[in-house]
Amino acid sequence: MSLARAFVIAVFMVSVPFLAVVGNVTLGAATSAMGDSREAVDLDALTSKLADTKALGLFTKLSLKREVDAFEKDVQTYHQHKGDSTLDQLEERYELMVDKLLVLIQDKDQALAQDIQQARAQVWAKLADPDEFAKL
Amino acid sequence: MLALLHVAALATGAEDIRSRDETHRDLLTTIAIAGGHCGEVTETSPERPRGYRVSCTSGAVFRVLVTETEQLRVIDVTAGNVEWTPEEESHSQQVNRHLFAVITLSRHRCDQVVSVERGSDASYRVSCKNANRFVVRRTEEGRMLVQAIP
């Protein structure tokens, strides 16, 4: 299972091994839109919050999954040096997908939105790295 | 994938007890993510094996279906049964659709994105077919913000 899929499936509610895929993340080592945070993300807690959130409905979750499947395929194609997408374009799409998740969640589950926001840079770093992506 | 099926099964059971408003909101969000302009839901009717036919204040009618393999299908009936296929969209089509969803889900009115300008700070200036214009950006706190441009 890819990290991107795990990320969004996690948002789906998750009994998925998101932690096993991502491992523990210390955001201090990553560039984050939240700034130079030194706070470690407790992904166990994040997974629990994702599992419990009522912010997303079934059809919404399935539509996000459909998008992530298409995105994951495009990232794979990029790493195989095929297709037309550039890394910048893939990053833009990734960021917009996460932005959309935030819009869906931020008013209904603020703590979860903040956790997703904190994890986003780390997830992208793994997707963009061909070696890391191949391990997923 | 087993986890997803598990989740879907749970959600399906839960669907029966969801309120009408929650179902409408879920359907509206799904249609927006697929790039469809709905406005508000005026009527829904169940479709077999699982899904809904959705009538909108925009005049559009959509079918939102879940296949046996848990694949979501969104079909714009009024546009001639055009089906949402994110796998076949160009980069610019995807960007436009994501921004359309962000704007619509933020409860702003945009019937269709016609132009997008990206700022140096990763913000976007978006123009819609109905002449509404917006700035979409992320705040320093990480919140998504959609501001109408007068």
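Refer to the structure printed above.
One structure accompanies this document, and this report is about it. (Residues numbered from 1 in each chain as written. Chains lettered and ligands numbered in written order. Predicted model: local features only at pLDDT ≥ 70, side-chain atom pairs only at ≥ 80, totals over all residues. Heavy atoms only, no water.)

**Quick look at the overall build of chain A**
Put simply, the rule is: Numbering goes from the N terminus for both helices and strands, where a helix is a DSSP run of H or I of at least four residues and a strand is a run of E of at least two. Only protein chains enter the accessibility calculation, which uses a 1.4 Å probe; a residue is then buried when its area is under 20% of its type maximum, exposed when over 50%, and partly exposed in between. Residues count as neighbours in contact if any of their non-hydrogen atoms are within 4.5 Å of one another. Exposure was quantified through the Shrake-Rupley algorithm and a 1.4 Å probe, taking into account, for residues, occlusion by the shown protein chains and nothing else.
Helix and strand content of chain A: seven helices and two strands. Scanning chain A from its N terminus toward the C terminus, one meets helices and strands in the order α-α-β-β-α-α-α-α-α. Within chain A, the proportion of its 136 residues that are buried is 58%. Sequence-distant contacts in chain A: of pairs separated by 6 or more residues, those separated by 24 or more amount to 68%. Total accessible area on chain A stands at roughly 5700 Å², and carbon and sulfur atoms take up 45% of it.

**A short note on helix 4 (residues 58–79) of chain A**
Each turn of an α-helix holds 3.6 residues, which means side chains three or four residues apart point in the same direction. Residue and element names in this part refer to chain A. Which entries qualify depends on this criterion: Helix span is expected to be 1.5 Å times the residue number reduced by one.
Taking 1.5 Å per residue, 22 residues should reach 32 Å; helix 4 reaches 31 Å between its end C-alpha atoms and fits that length. Along helix 4, 17 of the 22 residues are buried, which leaves the element largely enclosed by surrounding structure. Just past helix 4, the residue H81 takes up positive phi, approximately 60 degrees.

**Structural notes on the state of the cysteines**
Residue and element names in this part refer to chain B. In plain terms, the rule: Any pair of cysteine sulfurs within 2.5 Å is marked as a disulfide.
By the definition in use, this model includes two disulfides over all chains. Across a sulfur-sulfur distance of 2.0 Å, C38 and C56 are joined as a disulfide pair. Residues C38 and C56 are joined by a disulfide whose S-S torsion is about -95 degrees; by sign, that bridge is left-handed. A residue pair is termed long-range when its members are at least 10 positions apart, and C38 in the loop between helix 2 (20–33) and strand 1 (41–46) and C56 in strand 2 (residues 51–56) qualify at 18 residues.

**Some details on the sheet that holds strand 9 (residues 144–148) of chain B**
Threshold: Only strands that DSSP links by at least two bridges are regarded as paired with each other. Each axis is a line fitted through C-alpha atoms, taken for helices only over the stretch in contact, and angles between the N-to-C directions span 0 to 180 degrees.
With respect to topology, four strands assemble into an open sheet ordered 6-7-8-9 (chain B), the strand pairing being antiparallel. Across the chains shown, the open sheet's two edge strands, defined by having one partner strand only, are strand 6 (113–118) and strand 9 of chain B. Each strand of the sheet is rotated relative to its neighbour by a mean of 20 degrees, with strand direction disregarded. Alignment of strand 7 (residues 124–128) of chain B against strand 8 (residues 133–138) of chain B, held across four bridges, turns out to be antiparallel. Pairing of V126 of chain B across the sheet is with F134 of chain B, part of strand 8 of chain B. Relative to strand 9 of chain B, helix 5 (residues 87–105) of chain A is tilted by about 85 degrees, and along the sheet it contacts strand 6, strand 7, strand 8 and strand 9 of chain B. Taken strand by strand, helix 3 (residues 91–105) of chain B contacts strand 6, strand 7, strand 8 and strand 9 of chain B, and its axis lies near 100 degrees from that of strand 6 of chain B.

**Some remarks on the pairing of strand 4 (residues 72–76) of chain B**
Residues and elements named next belong to chain B. Of all five residues in strand 4, four are buried, a share of seventy percent or more. Of the strand pairs in this sheet, strand 3 (residues 61–66) and strand 4 are connected by five bridges, and their pairing is antiparallel. By the bridge assignment for strand 4, R63 is matched with I75. Once strand 3 ends, the chain turns through five residues before running back antiparallel as strand 4, passing E70 with a positive phi of about 65 degrees.

**Structural notes on the packing of aromatic side chains**
Here is the rule: Think of it this way: a Phe, Tyr or Trp ring, Trp meaning its six-membered ring, pairs with another when their centres are within 6.5 Å, and the plane angle makes it stacked under 30 degrees, edge-to-face over 60, tilted otherwise. In this scheme, the term charge over a ring applies when either NZ of a lysine or CZ of an arginine sits within 6 Å of the ring centre and within 35 degrees of the ring normal.
According to the stated counting rule, one finds three aromatic pairs over all chains in the structure shown. Considering the side-chain rings of F59 of chain A and Y52 of chain B, the 5.9 Å spacing of their centres and the 80 degrees angle between planes classify their relative orientation as edge-to-face. Within this pair, whereas F59 of chain A is found in helix 4, its partner Y52 of chain B is found in strand 2, the two belonging to separate chains. For the pair F59 of chain A and Y52 of chain B, a shared accessibility class is recorded, and that class is buried. Following the ring pairs from residue to residue traces out a cluster consisting of F71, Y94 and W124 of chain A. Of note, R66 of chain A hangs over the ring of W84 of chain B, and the distance from its end group to the ring centre comes to 5.6 Å.

**Digging into unusual backbone geometry**
All names here are of chain B. The omega torsion across R48 and P49 is 0 degrees, close enough to zero to call that bond cis. Positionally, P49 belongs in the loop between strand 1 and strand 2. The backbone of E70 sits at a positive phi, close to 65 degrees, despite the residue not being glycine. For E70, the position within the fold is in the loop between strand 3 and strand 4. The exposure class assigned to E70 is buried, which follows from its relative accessible area of 12%. Notably, N81 is not glycine yet its phi reads approximately 60 degrees, a positive angle. Its location among the elements puts N81 in the loop between strand 4 and strand 5 (82–83).

**Observations concerning the packing of helix 5 of chain A against helix 3 of chain B**
Let me state the cut-off plainly: Here roughly perpendicular refers to angles of 65 to 115 degrees, roughly parallel to angles under 35, roughly antiparallel to angles over 145, and oblique to all remaining angles. Should the near helix be turned anticlockwise from the far one by less than a right angle, the crossing is termed left-handed; should it be turned clockwise, right-handed.
Here helix 5 of chain A crosses helix 3 of chain B at 15 degrees, and the two axes come no closer than 9 Å. Overall, the two elements helix 5 of chain A and helix 3 of chain B adopt an arrangement that is roughly parallel. The interaxial crossing formed by helix 5 of chain A with helix 3 of chain B has left-handed handedness. On helix 3 of chain B, the residues that touch Q89, E92, R93, L96, M97, K100, V103 and L104 of chain A of helix 5 of chain A are H91, Q94, V95, R97, H98, L99, A101, V102 and L105 of chain B.

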